[in-house]
Amino acid sequence: QVQLVESGGGLVQSGGSLRLSCVASGMIFSTYAMGWYRQAPGKQRELVAAITSGGSANYEDSVKGRFTISRDNAKNTVYLQMNSLKPEDTAVYYCKAIMLAYVYWGQGIQVTVSS
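Reading the values: the criteria
Residues numbered from 1 in each chain as written. Predicted model: local features only at pLDDT ≥ 70, side-chain atom pairs only at ≥ 80, totals over all residues. Heavy atoms only, no water. Helix = DSSP H or I, 4+ residues; strand = E, 2+ residues; numbered from the N terminus. Buried < 20%, exposed > 50% of the residue type's maximum accessible area, 1.4 Å probe, protein only. Lys, Arg positive; Asp, Glu negative; His and termini not counted. Salt bridge = Lys/Arg side-chain N within 4 Å of Asp/Glu carboxyl O. Polar contact = N/O pair within 3.5 Å; in protein donor to acceptor, adjacent residues only side chain to side chain. Contact = heavy atoms within 4.5 Å. Pairing = 2+ DSSP bridges. Axes fitted to C-alpha atoms, helices over the stretch in contact; angles between N-to-C directions. Phe/Tyr/Trp six-rings, centres within 6.5 Å; stacked < 30°, edge-to-face > 60°.

Caption draft 1: Quick look at the side chain of Lys-96. Here Lys-96 lies in strand E9 (residues 91-99). Of the side chains bearing the opposite charge, Glu-6 lies closest to the buried Lys-96, which forms no salt bridge; the N-O distance is 12 Å. A polar atom in the side chain of Lys-96 sits 3.5 Å from the side chain of Tyr-37. Every residue in contact with Lys-96, bar those within four places of it in the chain, is listed here: Leu-4, Ala-33, Met-34, Gly-35, Tyr-37, Val-103, Tyr-104 and Trp-105.

Below, the structure is given as structure tokens:
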């Protein structure tokens, strides 16, 4: 049974930092591309950052230069380092794992940035 468990969210002031973690189990983690998505109230879920199984990363334009995605295959974990946070980054953040037709989501974690 595949599980993705996010942690590291919370409340932070504008300009602050948080690091999200997503620990995977029940899968061969190194073979999956991983992504972080977010969904703000009343908005559609959007891709924030993704990293391939080979370690190549891409970012949504609004987070480029502020967020960094990374993975540690030995720990079955993907991270999202978020710096210079803004109130508009407030959302529920979700971890996603993708490999061919296999897609798994975490339960989501709240990130709130106060102004």
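Caption draft 2: Fine view of the sheet that holds strand E7 (residues 67-72). A sheet is described by the order of its strands in space; here 4 strands give the open sequence E1-E3-E8-E7, paired in antiparallel fashion. Single-partner strands in this sheet number two, and they are strand E1 (3-7) and E7. Strand-to-strand twist in this sheet, taken as the mean axis angle between neighbours without regard to direction, amounts to 15°.

Caption draft 3: Layout of the pattern of salt bridges. Tallying each qualifying case throughout the model produces 4 salt bridges. Close ionic contact of Asp-61 with Lys-64 constitutes a salt bridge, the shortest N to O distance being 3.0 Å. Here Asp-61 falls in the exposed class, since its relative accessible area comes to 60%. Counted as one network, the salt bridges with shared partners bring together Arg-38, Glu-46, Arg-66 and Asp-89.

Caption draft 4: Seen up close, the packing of aromatic side chains. Evaluated as defined, the whole model comprises 3 aromatic pairs. Aromatic side chains Tyr-37 and Trp-105 sit 5.0 Å apart centroid to centroid with 65° between the ring planes, which places their arrangement in the edge-to-face category. You can see Tyr-37 sitting in strand E4 (residues 33-39) and its partner Trp-105 sitting in strand E10 (residues 102-105), a full 68 residues away along the chain. Note on Trp-105: relative accessible area 36%, which makes it partly exposed. Between Tyr-94 and Trp-105 the ring centres are 6.3 Å apart and the planes differ by 90°, which places this aromatic pair in the edge-to-face class.

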